[in-house]
Amino acid sequence: MAGIAKEGGSEKIAVVLFNLGGPDCPAAVRPFLFNLFFDPAIIGLPGFLRAPLAAFIAWRRAPAARAIYAEIGGASPILKLTEDQATALEKTLAENSPPGRRTKVFIAMRYWHPMSDETARAVKDFDPDEVLLLPLYPQFSTTTTASSISDWRRAAKAAGLSAPVSEICCYPVQRGFIRAQAALIRNGLAGAEKETGRSSRLLFSAHGLPKKIIDRGDPYVRQVEKTAAAIVDALGVPGLDWAICYQSRVGSLEWVGPNIDDELKRAAGDKVAVVVTPVAFVSEHSETLVELDIKYRGLAAQWGVPGYVRVPTVGVTADFIGGLAELVDEALRRNPDKGNCPPDFAGCFRKAR
């Protein structure tokens, strides 16, 4: 990895990985849900109205959410898995950084610990020369990346952090990310064909959003489509049968589609097996381990889908971690306080302001 340390001394870089977080015990489920629904990027009401509504929604949904987490031991594994990613990224950066540069990777979760305030204090204690914000959301959304960056700015100001900041808004077609996805999908397609004796339909499943958010200009769906197309191109399978679908729909609002339920029913009608890959999640959590592995696997069997294979998330695969390291290196070459949108996705950074 190329780069030049500050003349006459060493430099310290703080990389902050953003993720949503998840409850670490059953008692944390309700406060986790409150934090989620109190986020103005999720419910855009004034704070004095948002707080009681968030409290009510958290109270109402907590029992069902606890039941979901009970399926995977009562807690989300996302913090441990994100810590593994942070460790792997820090190791890769250390192995490839120029002399004199020390890079430390921190984690800031949006809705459960460690949250931005505690992480900002830890970064302040590290006393970096530059801070780089790196979301673990490959595709930009106002509900994820922009929300995390906004909360970080508040926390960094409160902590007195004054180092220059660079922000990576998105990386939907970053080559390491795409290679990692393609390699895992190849294994899934081969496994499904071996199991069923026929080719399968590849379903790219992403977390859904209410359609009104996309209609306001959120680029998430467009970037999911770019990711899926890049993976299909990398796979290089002639005539590959594939589709994009969305999961985790709740409430009465109209959400982007098609929903994964609809795609599974279509596969059942076509008598074709499915290989389901999480295209927007980079680590396992309730949406993959419960929704995809338990709920939708069961529905697929119930509806007569002849085969169901779920592809793992990219996790700590060498290609994905290497891709994150490339993003860090590229961002450090640019001027601080500037956006790092790829040319095809210009505008995400402004939406995060």
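No experiment lies behind these values; they were computed from the predicted model shown.

Things to note about the sheet that holds strand β5 (residues 201–207)
Part 1: The parallel open sheet is built from four strands, whose spatial order is β6-β5-β7-β8. In this open sheet, the two strands that pair with only one neighbour each are β6 (241–247) and β8 (308–310). Recorded for the sheet is a direction-independent mean angle of 25° between the axes of neighbouring strands.
Part 2: As judged from the seven bridges shared by β5 and β6, these two strands associate in the parallel manner. Within β6, the position partnered with alanine 206 by the bridge is tyrosine 246.
Part 3: Its contacts with the sheet put helix α6 (residues 175–196) on β5, β7 (274–278) and β8, and the angle it makes with β7 is roughly 160°.
Part 4: Where helix α9 (residues 260–270) meets the sheet, it contacts β5, β6, β7 and β8, and its direction lies at approximately 170° from that of β5.

Thoughts on helix α5 (residues 145–159)
Part 1: In this model, α5 (15 residues) spans 21 Å end to end at C-alpha, consistent with the 21 Å of a helix rising 1.5 Å per residue.
Part 2: All of the buried residues along α5 are Thr145, Ala146, Ser147, Ser148, Ile149, Asp151, Trp152, Ala155, Ala156 and Ala159.

Describing the packing of aromatic side chains
Part 1: Tallying each qualifying case throughout the model produces eight aromatic pairs.
Part 2: With a centroid separation of 6.4 Å and 80° between ring planes, the pair formed by phenylalanine 32 and tyrosine 111 is classed as edge-to-face. Taken together, the residues span a long stretch of sequence, with phenylalanine 32 in helix α1 (residues 29–38) and tyrosine 111 in the loop between β2 (101–109) and α4 (116–126) at a distance of 79 residues. An identical accessibility class is assigned to phenylalanine 32 and tyrosine 111; each is buried.
Part 3: Residues phenylalanine 56 and tryptophan 59 carry aromatic rings whose centres are separated by 5.8 Å and whose planes lie at 35° to one another, so their mutual orientation is tilted. Of this pair, phenylalanine 56 and tryptophan 59 both sit in helix α2 (residues 47–70), separated by three residues, roughly a single helical turn.

Let's talk about the sheet that holds strand β1 (residues 11–19)
Part 1: Spatial ordering of the open sheet is given by β2-β1-β3-β4, a layout of four strands whose pairing is parallel. Single-partner strands in this sheet number two, and they are β2 and β4 (165–167). The mean inter-strand angle of the sheet, taken between neighbouring strand axes irrespective of direction, is 20°.
Part 2: Where β1 and β2 come together, nine bridges link them in parallel fashion. Each bridged residue has a counterpart across the sheet, and for isoleucine 13 the counterpart in β2 is threonine 103.
Part 3: Along the sheet, helix α3 (residues 78–96) makes contact with β1, β2 and β3 (130–135), crossing β2 at roughly 165°.
Part 4: With respect to the sheet, α5 is in contact with β1, β2, β3 and β4, its orientation differing from that of β1 by roughly 130°.

Overview of unusual backbone geometry
Part 1: Histidine 113 connects to proline 114 through a cis peptide bond whose omega is 0°.
Part 2: Relative to the helices and strands, proline 114 resides in the loop between β2 and α4.
Part 3: Residue proline 258 is bonded to the preceding glycine 257 through a cis peptide linkage, with omega at 5°.
Part 4: Within the secondary structure, proline 258 is located in the loop between β6 and α9.
Part 5: Of note, the phi angle at serine 248 is positive, near 70°, even though the residue is not glycine.
Part 6: Here serine 248 shows up in the loop between β6 and α9.
Part 7: Located in the positive-phi region is lysine 271, a residue other than glycine, with phi close to 55°.
Part 8: Along the polypeptide, lysine 271 turns up in the loop between α9 and β7.
Part 9: The class of lysine 271 is exposed, set by a relative accessible area of 58%.

Overview of the side chain of histidine 285
Part 1: Note that histidine 285 resides in the loop between β7 and α10 (286–303).
Part 2: Since its relative accessible area comes to 12%, histidine 285 is described here as buried.
Part 3: One polar contact links histidine 285 to glutamate 287, side chain to side chain, over a distance of 3.0 Å.
Part 4: With sequence-adjacent residues up to four places away left out, histidine 285 is seen in contact with Ser76, Pro77, Ile78 and Val290.

Observations regarding the confidence of the model for the chain
Part 1: With 92% of its residues at a pLDDT of 70 or more, the chain shows a mean pLDDT of 92.
Part 2: Every residue in residues 1–8 scores below 50 in pLDDT, and together they form 20 contacts with partners more than four places removed in sequence or on other chains.
Part 3: Every residue in residues 349–353 scores below 50 in pLDDT, and together they form 17 contacts with partners more than four places removed in sequence or on other chains.

Quick look at the pattern of salt bridges
Part 1: Per the counting criterion, the structure on display carries 18 salt bridges.
Part 2: Ionic pairing is found between glutamate 11 and arginine 101, a salt bridge with its closest N-O pair at 2.9 Å. On the criterion of sequence distance, the pair formed by glutamate 11 in strand β1 and arginine 101 in strand β2 is long-range, its members being 90 residues apart. An identical accessibility class is assigned to glutamate 11 and arginine 101; each is buried.
Part 3: For glutamate 326, the salt bridge goes to arginine 175, with nearest N and O atoms at 2.9 Å. Of this pair, glutamate 326 sits in helix α11 (residues 318–332) while arginine 175 sits in helix α6; the two residues are 151 residues apart in sequence, bridging distant segments of the chain.
Part 4: Judged by its relative accessible area of 52%, arginine 175 falls in the exposed class.
Part 5: Each of Asp39, Arg110, Asp117, Asp151 and Arg154 takes part in a single network of salt bridges with overlapping partners.

About the cut-offs
Residues numbered from 1 in each chain as written. Predicted model: local features only at pLDDT ≥ 70, side-chain atom pairs only at ≥ 80, totals over all residues. Heavy atoms only, no water. Pairing = 2+ DSSP bridges. Helix = DSSP H or I, 4+ residues; strand = E, 2+ residues; numbered from the N terminus. Axes fitted to C-alpha atoms, helices over the stretch in contact; angles between N-to-C directions. Contact = heavy atoms within 4.5 Å. Expected span 1.5 Å × (residues − 1). Buried < 20%, exposed > 50% of the residue type's maximum accessible area, 1.4 Å probe, protein only. Phe/Tyr/Trp six-rings, centres within 6.5 Å; stacked < 30°, edge-to-face > 60°. Polar contact = N/O pair within 3.5 Å; in protein donor to acceptor, adjacent residues only side chain to side chain. pLDDT = per-residue confidence, 0-100. Salt bridge = Lys/Arg side-chain N within 4 Å of Asp/Glu carboxyl O.

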